[in-house]
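Below, each chain spelled out in residue letters.
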Amino acid sequence: MPQLTESANLPNPPFNTTGLVFNNTTIRQTIHVTATSPHIRLRISNAFGTTALPITAVSIARPFGGVPGIPAVEPSTLKTLTFGGSPSFAIPNGALAVSDPVDFDVKAGTELSITIFLADGQVTNDITSHPGSRTTSWFTFGNQVTAANLTGPALQNVAHWFFISTLDAWVPRSERTVAFVGDSITDGRGSDTDKNNRWPDLLFARVHASPDPALNTLAFANQAAGGNRILADGLGPNALGRFDRDVLAQPGIGYVVVFEGVNDIGVAEPTQAAQQDIGDAVIGALKQFIVRAHAAGLPIFGATITPFSAPGFNAAIQAYSSPVREATRQRVNTFIRRSGEFDGVIDFDAVVHNATAPSQLRDDFNSGDFLHPNVAGYTAMAKAFPIELFKQFQGGVDGWA
């Protein structure tokens, strides 16, 4: 999911100078493919760039040994991408570019390396990225877009993605994509870098292990961002505002999962009045997600908000801790569970809360900050997801015309 890059998440010098980023730079990044197809195309985003993003060249390849987060690729698989027949394209500020389709066999559950060369860099320090990639990216000077391995004395790596947005795969009409709208929990905070063990990754592995083609052909689009809120911009645009871009405008979407609200509740003041207002607003926004998904004929599943308080509601340990905020979480979760407005419910709260202290995560699922589950927690969440919903709503829902 494209976001504005905070200053702390910009590349280090010499790849970042005042008013110029990635000058004469090759960037190699790895993504986890979730669809099997012989034809693909790439979307590159300049959504938050304040100047044009001049793409000089782009290539794709399989990473060496199929390993994510490495700077080496298998040279025999390298293919150059084009944009309207040209290897280069200047993406205007606020826009995206979609590459020409290319014949390249990809298999769901494998890795793909994407290499981008910017001869002149981007003339701004406001650039588009996804800081929570949980995957290592590499960059070096010079045009190494077709190199088997990135090299050079300035070679650096960081766990962020830059500029890449989504990979489109040509698939039969019967194969659909699940779009996940979420925050840092869905983005995988607390998971392992280069291991693809966020909870949606683990759910993907689960459905693709099924012998049922209604499940093992599902593609996943993780449209989550750390710190994201439903109602206000922060780390990424607010979820209600980006719903069209990240869900409705994406090709092949068949299902929507919404798992947001923790940051809205956690940022709002811990007073009765403020929490009454934010609880009402979050519930109203969830209803808007439902209306807009149904208007597009899409089934939408709501996930309950997981615990975020430290023992004794100690805000010095976890800033969101508060009995008043906890009451709002419970109120929103009651709406998700009992209103009947979502087409299905994923009760993550029931999976990960501490049975003797329901405002807290289970001890064995706590990553350490009392907000984000660890890999064991993400594994439990993936196992508890009611995958029968995908079969139940395989034909979509009635919508407006």
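The notes below deal with the structure included here. Since this is a predicted model, take the numbers as computed values, not measurements.

### A look at the sheet that holds strand E21 (residues 300-303)
Next up, step 1: On the basis of which strands lie adjacent, the open sheet formed by five strands has the order E19-E18-E20-E21-E22 and parallel pairing. Of all strands in the sheet, those bounded by a partner on one side alone are strand E19 (219-224) and strand E22 (344-346). With direction set aside, neighbouring strand axes in the sheet form an average angle of 20 degrees.
Next up, step 2: Judged from the six bridges that link them, strand E18 (residues 177-182) and strand E20 (residues 253-259) form a sheet pairing that is parallel. When the sheet's bridge partners are listed, Gly182 is paired in E20 with Phe259.

### Some thoughts on the packing of aromatic side chains
Next up, step 1: Counted according to the given criterion, the structure contains 23 aromatic pairs.
Next up, step 2: Aromatic side chains Phe22 and Phe162 sit 5.0 Å apart centroid to centroid with 75 degrees between the ring planes, which places their arrangement in the edge-to-face category. Of this pair, Phe22 sits in the loop between strand E3 (20-21) and strand E4 (25-32) while Phe162 sits in strand E16 (residues 161-162), placing them 140 residues apart in sequence.
Next up, step 3: Among the residues examined, Phe162 registers a relative accessible area of 0% and is labelled buried.
Next up, step 4: Judged by centre distance (5.2 Å) and plane angle (55 degrees), the ring pair of Phe243 and Phe289 falls under tilted. In this pair, Phe243 is assigned in helix H4 (residues 239-248) and Phe289 in helix H6 (residues 272-295), connecting sequence segments 46 residues apart.
Next up, step 5: Given the relative accessible area of 0%, Phe289 is considered buried.
Next up, step 6: Linked through ring pairs, Phe180, Trp199, Phe204, Phe220, Tyr255, Phe259, Phe301, Phe348, Phe385, Phe390 and Phe393 together constitute an aromatic cluster.
Next up, step 7: Sitting above the plane of the Phe365 ring, Arg362 keeps its charged end 4.0 Å from the centroid.

### Thoughts on the layout of surface pockets
Next up, step 1: Roughly 1,200 Å³ of volume is contained in the largest pocket.
Next up, step 2: Lining the largest pocket are 47 residues; nearest its centre among them are Thr34, Thr166, Leu167, Phe220 and Ala221.
Next up, step 3: Those elements that provide at least two residues to the lining of the largest pocket are E4, strand E5 (37-45), strand E17 (164-169), helix H2 (199-208) and E19.
Next up, step 4: Within the lining of the largest pocket, the residues separate by chemical class into 24 nonpolar, 15 polar and eight charged.
Next up, step 5: Considering the residues around the second largest pocket, the lining is formed by 28 residues, among which Glu6, Ser184, Gly226, Gly227 and Leu235 are closest to the centre.
Next up, step 6: For the lining of the second largest pocket, the elements supplying multiple residues, two or more each, are strand E1 (3-4), helix H1 (184-187) and helix H5 (262-267).
Next up, step 7: In terms of residue count, H1 provides more of the lining of the second largest pocket than any other element does, three residues in total.
Next up, step 8: Here the residues of the lining of the second largest pocket sort into nine nonpolar, 12 polar and seven charged.

### Brief notes about the pairing of strand E7 (residues 57-61)
Next up, step 1: Among the five residues of E7, five are classified as buried, and the element is accordingly described as predominantly covered.
Next up, step 2: Where E7 and strand E12 (residues 111-118) come together, five bridges link them in antiparallel fashion. Each bridged residue has a counterpart across the sheet, and for Ile60 the counterpart in E12 is Ile114.
Next up, step 3: The pairing of E7 with strand E8 (residues 79-81) spans three bridges and is classified as antiparallel. When the sheet's bridge partners are listed, Ile60 is paired in E8 with Lys79.

Reading the values: rules and limits
- Residues numbered from 1 in each chain as written.
- Predicted model: local features only at pLDDT ≥ 70, side-chain atom pairs only at ≥ 80, totals over all residues.
- Heavy atoms only, no water.
- Pairing = 2+ DSSP bridges.
- Helix = DSSP H or I, 4+ residues; strand = E, 2+ residues; numbered from the N terminus.
- Axes fitted to C-alpha atoms, helices over the stretch in contact; angles between N-to-C directions.
- Phe/Tyr/Trp six-rings, centres within 6.5 Å; stacked < 30°, edge-to-face > 60°.
- Buried < 20%, exposed > 50% of the residue type's maximum accessible area, 1.4 Å probe, protein only.
- Lys NZ or Arg CZ within 6 Å of the ring centre and 35° of its normal.
- 1 Å grid on protein atoms, 1.4 Å probe; cavity = no way out; pocket = protein on both sides within 12 Å on 5 of 7 lines; lining within 4 Å.
- Points joined across faces, edges and corners; volume = space filled by probe spheres on them.
- Nonpolar A, V, L, I, M, F, W, Y, C, P; charged D, E, K, R; others polar.

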